[in-house]
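The lines below spell out each chain.
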Amino acid sequence: MIFTRRLKTHITQLPELSNHLIIPPSSSSSSSSSIPPSALLPPSSEIDRIAKLINDHPFPASPLHPLLHHHLIHLNLLSTPLVESVLGRLFSGHANGLKALELFKFSLQYPTHLSPSPDSFEKTLHIITRMHEFDKAWELMREIHLKHPWLITNKALSIVLSKYAKFQSFEDTLEVFDEMEKLLVGRRFGVDEFNILLRAFCTQRQMKEARAVFRKLHSRFSPNTQTLNILLLGFKESGDITSVELFYHEMMRRGFKPNVITYNIRIDAYCKKGCLSDALRIMEEMEGASFSPTLETITTLIHGAGIARNPIRARRLFDEIPMRNLRADVGAYNALMGSLFRARDLKGGLDLMDEMEEKGIGHDNVTYHTMFLGLKNSDGVGDVCELYRRMVKKDFVPKMRTVVMLMKFFCENQLLDLGLDLWDYMVGKGCCPHGHALDLLVTALCCRGKVEEAYRCMKQVVARGRHPSEEGFRVLEGFLVRSGEREKLEELDQMMKRLQAVLPPSRGHAVSLSVAISMI
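Residues numbered from 1 in each chain as written. Predicted model: local features only at pLDDT ≥ 70, side-chain atom pairs only at ≥ 80, totals over all residues. Heavy atoms only, no water.

Turning our attention to the overall build of the chain. The secondary structure content of the chain amounts to 27 helices and 0 strands. Oriented by its inertia axes, the alpha-carbon framework of the chain measures out at about 75 × 60 × 50 Å. For the chain, the share of sequence-separated contacts (at least 6 apart) that also reach a separation of at least 24 residues comes to 69%. When the accessible area of the chain is evaluated, it comes to approximately 22,500 Å², of which 52% is carbon and sulfur surface. (Helix = DSSP H or I, 4+ residues; strand = E, 2+ residues; numbered from the N terminus. Contact = heavy atoms within 4.5 Å. Areas by Shrake-Rupley, 256 points an atom, 1.4 Å probe, with all protein chains shown as cover.)

What follows deals with empty space enclosed by the protein. It is a probe the size of a water molecule, rolled over the atoms, that shows where empty space is left. Under the counting rule described, the total for this entry stands at 1 cavity of 30 Å³ or more. When its volume is computed, the largest cavity comes out at roughly 40 Å³. Together, T80, V83, F104, S107, L114, S115, P116, S117 and S120 line the largest cavity. Listing elements by their share of the lining of the largest cavity, those giving two or more residues are helix 3 (80-92) and helix 4 (97-108). Within the lining of the largest cavity, the residues separate by chemical class into 4 nonpolar, 5 polar and no charged. (1 Å grid on protein atoms, 1.4 Å probe; cavity = no way out; pocket = protein on both sides within 12 Å on 5 of 7 lines; lining within 4 Å. Points joined across faces, edges and corners; volume = space filled by probe spheres on them. Nonpolar A, V, L, I, M, F, W, Y, C, P; charged D, E, K, R; others polar.)

Turning to the packing of helix 25 (residues 470-482) against helix 26 (residues 486-502), a few remarks are in order. Where helix 25 meets helix 26, the closest approach of the two axes is 10 Å, and the angle between their N-to-C directions is 145 degrees. Residues F473, L476, E477, L480 and V481 of helix 25 pack against K488, L489, L492 and M496 of helix 26. Taken together, the residues of the contact of helix 25 with helix 26 break down into 7 nonpolar, no polar and 2 charged. (Axes fitted to C-alpha atoms, helices over the stretch in contact; angles between N-to-C directions.)

With that settled, the discussion passes to unusual backbone geometry. Within the chain, D395 stands out as a residue other than glycine whose phi angle is a positive 65 degrees. Mapping D395 onto the fold places it in the loop between helix 20 (381-393) and helix 21 (400-412). Unusually for a residue other than glycine, Q414 sits at a positive phi of about 55 degrees. Its place among the elements puts Q414 in the loop between helix 21 and helix 22 (416-428).

Summarising the element assignment, K429 is placed in the loop between helix 22 and helix 23 (435-447). Here the side chain of K429 touches D395 through a polar contact of 2.6 Å, side chain to side chain. Non-local contacts of K429, meaning those with residues more than four positions away in its chain, are made with D48, A51, R89, D395 and V397. (Polar contact = N/O pair within 3.5 Å; in protein donor to acceptor, adjacent residues only side chain to side chain.)

For the rest of this paragraph, the subject is the layout of surface pockets. Volume-wise, the second largest pocket comes out at about 300 Å³. Lining the second largest pocket are 15 residues, and of these F214, L231, F247, E250 and R254 lie nearest its centre. Going through the elements one at a time, helix 10 (207-217), helix 11 (225-237) and helix 12 (241-253) are the ones with two or more residues in the lining of the second largest pocket. With 5 residues, helix 12 is the largest single contributor of residues to the lining of the second largest pocket.

Given below as structure tokens:
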């Protein structure tokens, strides 16, 4: 996935073009509807500060409520945009989800300061279901249904169902769907909700389960073109072009009419396999059916040209965008940038980044990730470091996959000062870096004799309410044991015991050190 994803309100949009859970057109989940026109997005510095305060707060040693009251109520900062932005930072920064839940519940206590928004509720659901805290998610949904039922949008349902499909059984997911219908009594469950259930399985490439749901429920919910597009999308995500085409022609035989999204899915299926000529043929077929290619269509083809190692065609497609009365956005630029880097055209990629700045098109996480990946693969250690400093200077907060990639690069190249700098930068932005980034940094630091720094990073994670991984923790433990640092082990032991009492560790997480300490 080389290019950016755009938020749309159609479930049938290509997943490569959206960073968010895609929702049906009937959903009213747009958070902007709940924000007064006068409410402005708070400064990023304020978002950083509040997110850092929450992330740094000792958990579960003391409650979060007094801190929130002082900084949000006493200082008169509580607003809908602020809560949405901080929740988004906590989510992307992998902060403790129970803190995010407490922030959202806190905001509900002050209706005179803000109107709770669907966006805040959806982000909170996303955070706690990612933690597998399904009981808490259901408790929250029941509470919201009683007090603010309008917050339960189709996107909220999609978040819960998609996590059940990913982490729970097929039967559990169907049972949750039925429970949702019972909970939302008085709200008619129709084809939109049926499509959400189908999409939950299709996005996980569980096509056997998706077909079973379709066979079981299609007579109750009349399928529409969107339904068929979701199934087509599922076959595409499975990487089976033959199934995509067979199902497409089955759709036609059943009398369903394709739309722009249908063609885009087919084009993307061929692009991902490097079959650019077939993808271009589908676009011609699309135009022959009187459908004009969209910006998403062209962006997908540019990406496909990159996979096919055809940067000339990628550039030609990019240059066609204004000729089609379309305007290139950050996604199109990212797609072209990826195509240039695949062809080892580093200068072209760097020039493109400068061109984006000149045209006022901001760089997003995909831009930086693509750039770092291209420079890293070209053995450009100095270039990666320069771009990293440029990113930090711009105060940009990368997503965790980029953080992990950078951390691995710094550690493998013995640039531990930059690895620590990246760690401190993310923590300073209110993030709790992903466990894999911690494992990489702790291992590298310990192997270079910087055990104290490794201990500091591990302690920061536990203090912020996150369980370290078993693998990374045992590395640090071994070095601390060999150096006779009993006090440090005992301190971590107590911190982890307190955390485990509130948030039990899941598989792969480290547990209390009591057994290890008793053996010293």
